[in-house]
Amino acid sequence: MLKSADHDHQGPLTDAEVRRIRNDFPILDQDVNGKPLVYLDSGATSQKPVSVMEAEQEFYEQRNSAVHRGAHTLAVAATDVFEDARGTVARFIGAAENELVWTSNATAGLNLLAYSFGNASVGDVPAEARQFGVGPGDEVLVTEMEHHANLIPWQELCRRTGAVLRFIPVLEDGTLDMEAAAALFTARTRIFAFTHVSNVTGVINPVVELTRMAHDVDALVVLDACQSVPHLGLDVKALDVDFAVFSGHKMLAPTGIGAVYGRAGLLDAMPPFLTGGSMITTVTMDGAGYLPSPQRFEAGTQAISQAAALAAAVNYLQETGMERIHGWEAALGQRLVAGLEGIAGVRVLGPAAGVARAGLAAFEVDGVHAHDVGQFLDAAGIAVRVGHHCAQPLHRRLGLSASTRASTYLYNTTDEVDAFLAVVAGVRPYFGVTGA
Ligand code: PLP
């Protein structure tokens, strides 16, 4: 981890600092296929620093117990770890503790919301829950760039309730068609669910502007912050969204833990999704009363050690400095795009070099399938993602079925980006593809 003096340093991380950061990530120090590993797949999942792995191990060595239920000392200690972790993660995104619900990942969080809204749409619904209900004539609005995790749950909600799904189209450069968007927000729009950062193009959406448009028509706003919370350092109150979801494993934490942010008043009024133990006040043979948020949405035994490790990940990110991380990744993103644009036969998806984007780039190589590009890179020790990246509609819009994606994080160096670019430049010659 960087020393305290580094935290006062403004501006992006430096290459020297990133080299020191890499010492905290043992997995990066290995050869793959005889070459030093270049890990450019953090958009799928990030690597973990030693402090995160130690936090999980320490929990099992010292405090393992079920939370909230036991009167014994270990149970109290485990509950303290679990709830302290909630506080750490909540503060990281500008939320209060009772506004942060643990889930297993972002997909589970988006399904929690869609199913809770569904539960508010049918049957005998309490008065305070009706604000979440949708039915025939109502509209749920998404965008054409959504990850399937933020698309299919809404399709299913519409199928179950008779509401209609609409989407804001994407322009050729990967950005949202804001003119079309203006016409799509109507009095019928009840829910607007959209991604902060595209996991394919790296486009950073204008959250405040879009949220204002949604709130002007009294729609609830759900932000998929999977690709932003790990990289940008965001404040849910400043963005004014009603709900936000993210996954721990993309932000240095283990798999199995994620979170839903929801405004306290909204969460307490929303019907639960999963029901069972730990989320009730009283239970009779006829029915049950539910606890307020967050327990209301945390039925069953939770991912306790993973929550502790996510808090350790947040501490690591904060010690390094989110603005500095973002600055570094933005520079890597620009280096990726500028380099890829300079290689004959390579087309970058999304904004051109010089336009703001996240630290990732997806591209197609003319005449070579993305899977072949991925294997060629893997043979050189370079790990990237190939396929549709769970965004088939966006690929279809951009005229593709698959692409190759390189995505960076705080531990990637400029040398790694350059090594990646050099190997991409060799793809077409290797496969015998010629032409511009
Ligand atoms: N949303 C976006 C933008 C993503 O990039 C991802 C993962 O790639 C998800 C949602 C789903 O995250 P998870 O698989 O951790 O639930």
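Residues numbered from 1 in each chain as written. Predicted model: local features only at pLDDT ≥ 70, side-chain atom pairs only at ≥ 80, totals over all residues. Heavy atoms only, no water.

Observations concerning the domain arrangement of the chain
Assigned domains of the chain: these are domain 1 (8-49 + 322-429) and domain 2 (54-318). For domain 1 and domain 2, the distance between their C-alpha centroids amounts to 28 Å. Each side of the interface is counted separately: domain 1 has 37 residues, and domain 2 has 34 residues. Between domain 1 and domain 2 lies a buried interface of about 2,900 Å² when both sides are counted; carbon and sulfur atoms form 58% of it. Summed over the three residues of domain 1 that lose the most area to domain 2, namely Met 322, Leu 394 and Arg 397, the buried surface amounts to 23% of that side. There are one salt bridge connecting domain 1 and domain 2. (Domains from an automatic or database assignment. Contact = heavy atoms within 4.5 Å. Buried area = accessible area lost by both parts, 1.4 Å probe. Salt bridge = Lys/Arg side-chain N within 4 Å of Asp/Glu carboxyl O.)

Quick look at the site of the ligand
With respect to spatial proximity, 13 residues lie near the ligand, and among them Thr 107, Asp 224, Ser 247, His 249 and Lys 250 are the closest. Within the side chain of Asn 105, a nitrogen or oxygen atom sits 3.5 Å from an oxygen atom of the ligand. In the environment of the ligand, an oxygen atom lies 2.7 Å from a nitrogen or oxygen atom belonging to the side chain of His 249. Compared with its free state, where it exposes 390 Å², the ligand has 89% of that area covered by protein. The residue makeup of the shell around the ligand, split by class, is three nonpolar, eight polar and two charged. (Near = heavy atom within 4 Å. Polar contact = N/O pair within 3.5 Å; in protein donor to acceptor, adjacent residues only side chain to side chain. Areas by Shrake-Rupley, 256 points an atom, 1.4 Å probe, with all protein chains shown as cover. Nonpolar A, V, L, I, M, F, W, Y, C, P; charged D, E, K, R; others polar.)

Quick word on the sheet that holds strand 16 (residues 385-387)
With antiparallel pairing, the four strands of this open sheet are ordered in space as 13-14-17-16. This sheet does not close on itself; its edge strands, each paired only once, are strand 13 (346-348) and strand 16. Here the average twist between neighbouring strands, direction ignored, is 30°. Direction of pairing for strand 13 relative to strand 14 (residues 360-365): antiparallel, over a ladder of three bridges. Each bridged residue has a counterpart across the sheet, and for Val 348 the counterpart in strand 14 is Phe 363. (Pairing = 2+ DSSP bridges. Helix = DSSP H or I, 4+ residues; strand = E, 2+ residues; numbered from the N terminus. Axes fitted to C-alpha atoms, helices over the stretch in contact; angles between N-to-C directions.)

With respect to the pairing of strand 9 (residues 243-247)
Burial analysis of strand 9 places five of its five residues in the buried class, the great majority of the element. Side chains Phe 243, Val 245 and Ser 247 of strand 9 all project onto a buried face; the interleaved residues Ala 244 and Phe 246 project onto the opposite face, where all are buried too. The pairing of strand 8 (residues 220-224) with strand 9 spans three bridges and is parallel. Bridge pairing in strand 9 places Asp 224 opposite Val 245. Where strand 9 lies against strand 10 (residues 258-262), five bridges are found, and the strand directions are antiparallel. Within strand 10, the position partnered with Phe 246 by the bridge is Ala 259. (Buried < 20%, exposed > 50% of the residue type's maximum accessible area, 1.4 Å probe, protein only.)

Thoughts on the packing of aromatic side chains
Aromatic ring pairs are described here by two measures, namely the spacing of the ring centres and the angle between the planes. A complete count under the given rule lists 15 aromatic pairs for this structure. An angle of 85° between the planes, with centres 5.8 Å apart, marks the rings of Phe 25 and Tyr 316 as edge-to-face. On the criterion of sequence distance, the pair formed by Phe 25 in the loop between helix 2 (15-22) and strand 1 (31-32) and Tyr 316 in helix 11 (residues 304-320) is long-range, its members being 291 residues apart. With a relative accessible area of 1%, Tyr 316 lands in the buried category. Sitting above the plane of the Tyr 115 ring, Arg 160 keeps its charged end 4.0 Å from the centroid. (Phe/Tyr/Trp six-rings, centres within 6.5 Å; stacked < 30°, edge-to-face > 60°. Lys NZ or Arg CZ within 6 Å of the ring centre and 35° of its normal.)

Regarding helix 5 (residues 106-119)
Across its 14 residues, helix 5 extends 20 Å between first and last C-alpha, which sits within 8% of the 20 Å expected from 1.5 Å per residue. Capping the start of helix 5 is the job of one residue whose side-chain oxygen sits 3.2 Å from the backbone nitrogen of Thr 107: Asn 105. (Expected span 1.5 Å × (residues − 1).)

A few points about the packing of helix 3 (residues 50-63) against helix 4 (residues 73-92)
Relative placement of two packed helices is described by the angle separating their axes and the distance separating the axes. Helix 4 packs onto helix 3 with a crossing angle of 160° between their chain directions and a minimal axis gap of 10 Å. As far as their axial angle goes, helix 4 and helix 3 are roughly antiparallel. The element helix 3 and its partner helix 4 pack so that their crossing is right-handed. Contact residues: Phe 59, Gln 62 and Arg 63 in helix 3; Leu 74, Ala 77, Ala 78 and Val 81 in helix 4. Partitioning the contact of helix 3 with helix 4 into residue classes produces five nonpolar, one polar and one charged. (Parallel < 35°, antiparallel > 145°, perpendicular 65-115°, else oblique. Left-handed = near helix turned anticlockwise from the far one by under 90°.)

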